[in-house]
Amino acid sequence: EAQVTQNPRYLITVTGKKLTVTCSQNMNHEYMSWYRQDPGLGLRQIYYSMNVEVTDKGDVPEGYKVSRKEKRNFPLILESPSPNQTSLYFCASSSWLSSSYEQYFGPGTRLTVT
Amino acid sequence: SQQGEEDPQALSIQEGENATMNCSYKTSINNLQWYRQNSGRGLVHLILIRSNEREKHSGRLRVTLDTSKKSSSLLITASRAADTASYFCATALIQGAQKLVFGQGTRLTINP
């Protein structure tokens, strides 16, 4: 089954404790992206990757890092989480080489930073 | 600033009625997409309309695009309780069409 998986689904952590949210897709997609969703603000892009070893900032990259060492994985790293990073996070992927711009979303990771 | 703005922010109708949601955007686009999100879950792609298209259908969904007005509408006909969800428009810019910019969404409630 074609899918995007994220782990963990729920996470409660404390300020400053480094964490990683994993994202993996099994569709051989080139493009992967991270979004955060906050009430009243919709989805905002954090980082994206056009292909392996190619990453770029989205609209709200501060406080986040990413890497794309393999085509299927695109982890999101919070080096020193703060309460304003409490949010619902989504990973998504798509295939730009096929000119199919539809994005496939993971189930989301609800992060709480206290 | 947000590229896509949806209207209304919330819509409540009776089952069987039609639901119309609107999306306005600011800059020229390659395509516009509509997504559905059930409460707290991942977004699901519904339909894509390219900048050179004016109307598109998929089952009970009808999407229109007016590039001169920079607006789109999503019509769901014969609504069902299962259509209760949030609906988002997302625009793909001409340069870098893979990057989507989402609106804030319309919360649709279908009352039985």
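Right above here is the structure, for reference.
Definitions and limits used
Residues numbered from 1 in each chain as written. Chains lettered and ligands numbered in written order. Predicted model: local features only at pLDDT ≥ 70, side-chain atom pairs only at ≥ 80, totals over all residues. Heavy atoms only, no water. Disulfide = S-S within 2.5 Å. Helix = DSSP H or I, 4+ residues; strand = E, 2+ residues; numbered from the N terminus. Buried < 20%, exposed > 50% of the residue type's maximum accessible area, 1.4 Å probe, protein only. Pairing = 2+ DSSP bridges. Axes fitted to C-alpha atoms, helices over the stretch in contact; angles between N-to-C directions. Phe/Tyr/Trp six-rings, centres within 6.5 Å; stacked < 30°, edge-to-face > 60°. Core = buried A, V, L, I, M, F, W, Y, C linked by side-chain atoms within 4.5 Å. Contact = heavy atoms within 4.5 Å. Buried area = accessible area lost by both parts, 1.4 Å probe. Salt bridge = Lys/Arg side-chain N within 4 Å of Asp/Glu carboxyl O.

*Asks:* Before we go on, may I ask you to explain the state of the cysteines in this structure?
*Replies:* The final tally for this structure, using the stated rule, is two disulfides over all chains. Through a disulfide, A:C23 is tied to A:C91; the S-S separation comes to 1.8 Å. Handedness here is read from the sign of the S-S torsion; for A:C23 and A:C91, about -70°, the answer is left-handed. In this pair, A:C23 sits in strand β3 (residues 19-25) while A:C91 sits in strand β9 (residues 87-95), placing the two residues 68 residues apart along the sequence. Taking the relative accessible area as the measure of exposure, A:C23 reaches 2% and is therefore buried. Owing to a relative accessible area of 0%, A:C91 belongs among the buried residues under this scheme. Note on cysteine connectivity: B:C23 is disulfide-linked to B:C89, with sulfurs 2.0 Å apart. Disulfide B:C23-B:C89: torsion about the S-S bond near 60°, hence right-handed. With B:C23 in strand β3 (residues 19-25) and B:C89 in strand β9 (residues 85-93), the pair connects residues that are 66 residues apart, well separated along the chain.

*Asks:* Honestly, the sheet that holds strand β1 (residues 4-7) of chain B in this entry has me stumped. Any pointers?
*Replies:* Pairing between sheet strands relies on hydrogen bonds along the backbone, with the strands arranged either parallel or antiparallel. All names here are of chain B. Pairing in this open sheet of five strands is antiparallel, and the strands run β1-β3-β8-β7-β6 from one edge to the other. The outermost strands of the open sheet, each flanked by one partner alone, are β1 and β6 (55-58). Strand-to-strand twist in this sheet, taken as the mean axis angle between neighbours without regard to direction, amounts to 15°. Here β6 pairs with strand β7 (residues 61-66) via four bridges, running antiparallel. Residue pairing in the sheet places S58 in a bridge with L61 of β7.

*Asks:* I would appreciate a short explanation of the packing of aromatic side chains in the present structure.
*Replies:* Aromatic ring pairs are reported here in terms of the distance separating the ring centres and the angle at which the planes meet. Under the criterion given, the structure shown has eight aromatic pairs over all chains. Through a chain of ring-to-ring contacts, the aromatic side chains of A:Y35, A:F90, A:F105, B:Y35 and B:F102 assemble into a single cluster.

*Asks:* Is there a simple way to think about the nonpolar core in this case?
*Replies:* Taken as a class, soluble globular proteins show a tendency for nonpolar side chains to be buried jointly. Counting residues in hydrophobic clusters, the biggest one holds 21 residues, and the most contacted among them are B:L32, B:W34, B:L74, B:I76, B:Y87 and B:L108. Here this core gets four residues from one element, more than from any other, and that element is β3(B). For B:Y87, the residues in contact, after removing those within four places along its chain, are B:E6, B:M21, B:Y35, B:R36, B:L46, B:L74, B:I76, B:G105, B:T106 and B:L108. A:V4, A:I46, A:Y47 and A:V66 belong to the second-largest nonpolar core, a separate cluster that totals 19 residues.

*Asks:* I tried to follow the interface of chain A and chain B on my own but got confused; where do I start?
*Replies:* Interface size is often expressed as the accessible area that is lost when the parts come together. Across the boundary between the two partners, chain A contributes 24 residues, which contact 21 residues of chain B. Of the roughly 1700 Å² buried at the junction of chain A and chain B (both faces included), carbon and sulfur atoms supply 52%. For chain A, the biggest contributors to the area lost against chain B are A:L43, A:Y101 and A:F105; these three give 36% of the whole. Note that A:D59 is salt-bridged to B:K99, the shortest N-O span being 3.6 Å. The element contributing the most residues to the side of chain A that touches chain B is strand β10 (residues 100-105) of chain A, with five residues.

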